[in-house]
Every structure is written in structure tokens, then in C-alpha cells.
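One-letter residues, chain by chain:
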Amino acid sequence: MPHRRVLSTVLALAVGIPALAMAAPANAASAGAKPLPPEVRVGAKHLASARPAARLSGSRLTKARAGVNAPIGTRGAPAPRARLALATCDSIAAGVNQLRDRTVIFWQPQPRTAAVQIYRQRRLGALQLIASPATTASSYTDRSTSPDGAAAFRIDVTTDEATTSCTIGQDLTMNFDGGFGLPDVVISGADGLVQQNQFSLSTPLGSGPEDAPDYSPDGRWVAYTTFDLANNSSSVRVRRADGRAGGERVFTARADFQWNLASFSQDGRYLAWSEIDATDPANPVVSGMLYADLWRGTAPVYITTGATAFDPVWLPGNTTLVAAGAGATDGLVRINVSTGVSTAVTGTTSAYSPEVTPNGVILYSQFDATDSSSTLKRIEPSGAISRVIAGGPGETWSNARLAKSYLPGEPDVVFARQDVDPTPDQPGSGDETVSYLRIVGGVTDTTNIGFSSDGSFFSGGFDLRQPKTKGSADQNGDGFNDVVARDTSGQLWLYPNSQNPDAPFGARRQIGSGWNIYNAVVATGDFNGDQIGDLVTRDTAGVLWFYSGTRAGGVLPRRQIGSGWNGYTVMAAGDFDQDTRADLLARDGAGALWLYPGSGTGGALGSAFQTRRQVGSGWQIFTSIVGVGDATYDNVPDLVARDSAGTLYLYPGNGSGGFGARVKAGSGWNIFNGLAGPEMWAVNMTSLLARRTDGVMLEYDFIGDGSLSGDFVFQVGSGWNGYLFTS
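Residues numbered from 1 in each chain as written. Predicted model: local features only at pLDDT ≥ 70, side-chain atom pairs only at ≥ 80, totals over all residues. Heavy atoms only, no water.

**Topic: the overall build of the protein chain**
Helix and strand counts for the protein chain stand at 3 helices and 51 strands. Evaluated residue by residue, the protein chain yields a buried proportion of 62% over its 727 residues. Long-range pairs, those at least 24 residues apart, make up 50% of the contacts in the protein chain between residues at least 6 apart in sequence. Accessible area for the protein chain stands at about 25,900 Å²; split by element, carbon and sulfur atoms hold 50% of it. (Helix = DSSP H or I, 4+ residues; strand = E, 2+ residues; numbered from the N terminus. Buried < 20%, exposed > 50% of the residue type's maximum accessible area, 1.4 Å probe, protein only. Contact = heavy atoms within 4.5 Å. Areas by Shrake-Rupley, 256 points an atom, 1.4 Å probe, with all protein chains shown as cover.)

Here is the structure:
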């Protein structure tokens, strides 16, 4: 079956209509038209299982996640018994799906008279009972375990005879070295969106039919398409990627038109998508391209109309899109968002399924002359084109996504959708298989992507994310947290993470001068949604300034975001209220502590903050207050505060903009005259940097549920007297 027509034929099988074919634009009628990429479905109904999926071997399924000891296999109800026999780990069949914002534990449903309990241990802390689900339940979602710290889970099933304990995660982590960490993915299918990491089995995010998912750059939001069968139309939706409610946006096409293939700009502000005229279901036609400003909340605007190009993705800077030309042999085009004028990208004939990486590399698929296979290619910002992987006969590659390496010394990797038809010369043979593979240096590696914990397979489009926390001090986009320091002459220095835990400070470089006009410099984390660490400063007049970080490790020109801030102690809070945006905390002269929830825009459209609210009082007793990130490994940022006696306290965030009960973390801390919280810095443990009065810098790492241990204290530098440092 020629893969350029695979979408049309598959839909015909699914809904019983003639095969669909994209109508040609007026200037390319003789050449035919290009169908939408195979990971996207156009029409009134989704395909659930028209193609057999590539299956993993049984041994792969038993290793659905590194550290999962119990096998994950075929589910089956236990035989009825008058007296419940001792459960076994095989019959419990427990597994775990660890995502960037939650962990899903799943198991075989147990007889009603059995008791189920789930335990968790976080980063060498105490083993805690976290859930006693109903015996009819088959899964539990844990939102209070960080994917960056090592964790272990255990499920206990008690029957008439005894209790069976099964470990279902040992040293479970998505971050091995403090960098970007393991990616997780969202996949579309007839039953809705599902999420998983590359080793685990998937669990639902939505309810179908849903299509063409795209993560925001910071991984907090996902855009996708839903279909209105009654009106033969569709909507582009934006929702939180963590599955929680709130902030959803919906853009709905008129009847007989469908909106699909949405793409976020690289700061998360804009969303662009394609319009398809489906008035004639047998001949849908590309009819335009639109975008919406998510920050302003305005109505969508047409960029282009007519059958010119589709599948838009944003280049850095928000002024230009890359899209696939609609003609059968058209290549990629660059489209000016303001004017709609397009320019052909040379050397990309018959290209489709474009994607743009944060540094401007374009990934795309290109059909061969026979239309039976395609090759993944990449275009560097310089214009140079190279091959990622070539498809063999009947093999197509699409939906390419670039992931940062999560293993030291390994290059960046590409994940892509592989579609194989062993007999492409036999239309309608129905023998295609779909897989999602990891490509390193042109060599593929199998993954569990697409396989669900209930045994089904999802073969639609997908996207991946490797989000940093909102409090991340990654100032240069390499995935590792850094330190920024100002010397006595006002020069600003970036100390990049060396990625060597034995000597974590890299060679410094100057990124500013004249910064002695400021009496506060705070590394805020990602304050504007582009997944790069930013800075906030206060001058002597009390004016608050925002400096957006860049992937080159510098900062853009400042922007005023406040005034009247004299008398406040300002500290970074990360996403303290868990609304997906970075916040600030500030203590006033009377000791009241205020939360300033971030707007997520960095002040680009007016206020950088939502309405402030008081979250504490009596904080004037502290001589130092520092946001340290997630010290308790519960997915919520925390604070440490030192009083005048030198006692250090941990104030754990409660996830709703307040604190849990404080915990004494140490004493004798008045020997230090500077503290900073770089979050995960040298290893995958949350760190606190402390400078002694002699200029020696020490690193303290948190363990368990927010404790400091003498076993995790390291000297990491000297000569730091005279510096104002932040991280």
C-alpha cells in the first residue's frame, strides 16, 4: 500500500466511506495533493485498531520499567474460592508508570474480601503508607513523589491466609544525573490521550476520540484535537498535562470544518494549527492556517487561507512558521505569521511532518520517488541538511521529536513513529505495523511507547517532554542547574554546571556589568514559560526588574515588573501554588510573608503577577530565607529559613500556596553568611549551597522527606567572599 495514501485507506476501513484524498491546490492540480501525515486522522471518526500494532516480546513486557520487579502480563480474574488463598506477586501483576508530574501504580483487581495497601519510600526516607484503595480498584495515582529523586513502592495484599508484599519500584527515578532526565510522552488514540515514559506502560489522560497532541515547551500544557461527530467538525483544546482541571482553552471550528495539528510557540504564548474543509468527507481540502495568542486570550486569527500548506510549527522568535506544502511534491515552506507570505525551503521536495527544536533545528520526513518509503532528515540553522534514518521498502518515518540525552556522554536522541508495510505494492493488504522507536546515531532501539497497562496499543501521533521544575536554575538550557554571582565591582558571572559531581562549578563567564545598582538579585527559575532560568532584580529605588534568560546563558534587556519593593526580602518560590507558573515570595518589614503568584508571562503583557496573598506572619525572626526547590521529594517546592540563633528550619510547601508543619533541619548555621538553593545540582538530590565566613562553599544534599545528613556534605569551592550569589 503506498504510504502517501495510507491515511485515506485506513479511514475508509474505519468508517466505510470511499478512500479520502487531499484535493490539490489550484497551482498544483496536475501533481495531486499531499495527504496529512499518518499520525493524524481526518474525518468523523477515529480508528481504533485498523492496523495490527507491533508487539513487544513477553520479556519486554515484564521489564516495562527499570526497577519493576513484578511481571506485567495478561490480566485474569482469580478462580472463586470459599477461602481466599495467599496472593502471589504474579497474580497481583503490579506495575508502575512514572511521569514527570505523577506516578501511577496499577495491579490486577483483587477479590472483594482482600485488603490492598500501597507503601512508598522517597529518597532514603521512611517507608510510608500512602493509600488503602478499594479492592475493586486497579490503579492509584501518586502526585506527591518527585520523578527526580529515587523512590520505591510496595503493594501489600492481605487475604484470609496471610499478607503478600510485592516491591513494584526500587530506586525508581526519571533523572539519573541532575539533567533533563528521562522523557515521557503523550500519545493519541481512539480511546483518548495516554501518557507514559519510554519504559513503562501507558495510562489514560483524556477520553477519546482525541488526536495530534503537542506539549507546551515547559511541558505543563498539552494541545490536541477532539471531534464533533454530529457536526463533522473538530476543536483544538489546551489542557493541563498533569490531568488536573483548570485553565482549559477550546477553539472550535464551524460545521464541516476541522481544526487539527496544533503547535505551541517556543515560549508557550502562541498556538498555531491547520484548518481542513471536510464538506465533502471523501475529499477533505486544506483550507487555511490559524493562530491564537494564549497569553492575551484573544480569538484565533487566520494566517493563510486556501490549500497552500499545513502542519505548522514555530521557529524561535514567534515571527515565522515552518509547514508542509499541500501539493504532492511540495517541500517545506517558511511562513511569515504577520503577512502569510511563504518561502520555499530548498532541498525538501515531498516533505511532511515538520518539527522544530528549541535551538532552531528542523526535523522532517521526506518521501522517496516511489512514495513507498520515507526518510527522516534534519536542517541545521545554517541550512545544512543531513539524514537521521532512512526507511527501507515500505517503511516510513514521521512525527520526529528530539530528546536531550539523559545519560552522561550520550548525544541527543530522536524519537519517531515507524510505519512498516512489508508489501507496499499490494494496496489494501492491511499488513502495516506501527512502532515508536528511539534513534541514536542512526541506530534504533525499541521502546514500550504505545503499549497500555490494559493490553491495548495506541498508534496515533505523539509528543514528548522533559520539563524542568519552575524553580530550575538552568540558565543556559542544557538541563543542568547553574549559579549566578555578582562580584564587588558589579560584574555578573554565570557559573555553568560542569556536569561533574566532583567539581560541579564549570568555568565561569561574564554575562553582565554594572549590576551593583541592584541590592537584590534572585534566580527565579522559569518565569515566562520558555524552560530557561530567569533573573529578577531590585534597584535602590525599589523598582523590580525582570531579565529573561537565553539559551546562550545570558539575559535579554530588562523589563520593569514592579515598584515599591524596598523593605521586602525577595525569594524564588518555584511553582509554589501548583498552577503551572513560577511565583515569588516576599517578606515585608513587619514580618508578613506574601505569595506573588506569577502570571507566566514575565510581565510581557503588563503585570508579571496575579493578586498577592499573605501566607505567613512572624517571619521577621529569620536572618535568611531561601527557596530550595523540592527538598521533600513530593513534587512541591519548599523553603528553608535560619533564625538568629543559627537554627535552620525546613518549611515544606503544601501544594496550594501554603506550608505544612515546619521541621528543624539543623543548628549552628550562623557560621554561614550566604545560602542559595540550586535544586538538583551535582546529582539527582536537592541541594543547599552554604558559604562560610572564610569564603568556602559547601553543598548540603537533602534526603528522605526533607532531612539533611552529614553523609551528604561536600566542599565545592573557595574564595567566594565578596560575591552575591543566587541559584
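There's more to say after this.
**Details of the sheet that holds strand S47 (residues 672–680)**
Within the open sheet, the 4 strands sit side by side as S47-S48-S49-S50. Their pairing is antiparallel. Of all strands in the sheet, those with a lone pairing partner are S47 and strand S50 (707–717), marking the two edges. When the angles between neighbouring strand axes are averaged without regard to direction, this sheet yields 25°. (Pairing = 2+ DSSP bridges. Axes fitted to C-alpha atoms, helices over the stretch in contact; angles between N-to-C directions.)

**Regarding the packing of aromatic side chains**
Within the structure shown, the criterion is met by 34 aromatic pairs. Judged by centre distance (5.8 Å) and plane angle (65°), the ring pair of Tyr270 and Tyr291 falls under edge-to-face. Of this pair, Tyr270 sits in strand S16 (residues 270–277) while Tyr291 sits in strand S17 (residues 285–293), and the two are 21 residues apart along the sequence. With relative accessibility at 15%, the residue Tyr270 sits in the buried group. Geometrically, the ring pair formed by Phe622 and Tyr651 is edge-to-face, given 5.9 Å between the ring centres and 85° between the ring planes. With Phe622 in strand S43 (residues 622–629) and Tyr651 in strand S45 (residues 648–651), the pair connects residues that are 29 residues apart, well separated along the chain. Grouped by ring-pair contacts, the aromatic residues Tyr495, Phe505, Trp681, Trp720, Tyr723 and Phe725 constitute a single cluster. Taking the ring centre of Tyr119 as reference, the NZ or CZ of Arg154 above it sits at 4.5 Å. Taking NZ or CZ as reference, Arg612 lies 3.5 Å from the ring centre of Trp594, over its face. (Phe/Tyr/Trp six-rings, centres within 6.5 Å; stacked < 30°, edge-to-face > 60°. Lys NZ or Arg CZ within 6 Å of the ring centre and 35° of its normal.)

**Brief notes about the side chain of Asp142**
Considering the arrangement of structural elements, one finds Asp142 in strand S5 (residues 139–142). Separated by 2.4 Å, the side chains of Asp142 and Thr145 make a polar contact. (Polar contact = N/O pair within 3.5 Å; in protein donor to acceptor, adjacent residues only side chain to side chain.)

**Looking at the environment of Asp421**
Considering the arrangement of structural elements, one finds Asp421 in the loop between strand S28 (413–420) and strand S29 (433–440). Owing to a relative accessible area of 0%, Asp421 belongs among the buried residues under this scheme. For Asp421 and Ser372, which are 49 residues apart along the polypeptide, the C-alpha to C-alpha distance reads 8.7 Å.

**Side note on the state of the cysteines**
A complete count under the given rule lists 1 disulfide for this structure. A disulfide bridge connects Cys89 with Cys166, and the sulfur atoms are separated by 2.1 Å. The S-S bond linking Cys89 to Cys166 shows a torsion near -105°; that makes this disulfide left-handed. Separated by 77 residues along the polypeptide, Cys89 in helix H3 (residues 89–92) and Cys166 in strand S7 (residues 163–172) bring together distant segments of the chain. (Disulfide = S-S within 2.5 Å.)

**Let's talk about the environment of Asn476**
Checked against the element boundaries, Asn476 lands in the loop between strand S31 (462–465) and strand S32 (483–486). Residues Asn476 and Ala552 lie 76 residues apart in sequence; the distance between their C-alpha atoms is 5.5 Å. With near-sequence residues (within four places) excluded, Asn476 lies in contact with Asp482, Pro496, Ile532, Thr550, Arg551 and Gly553.

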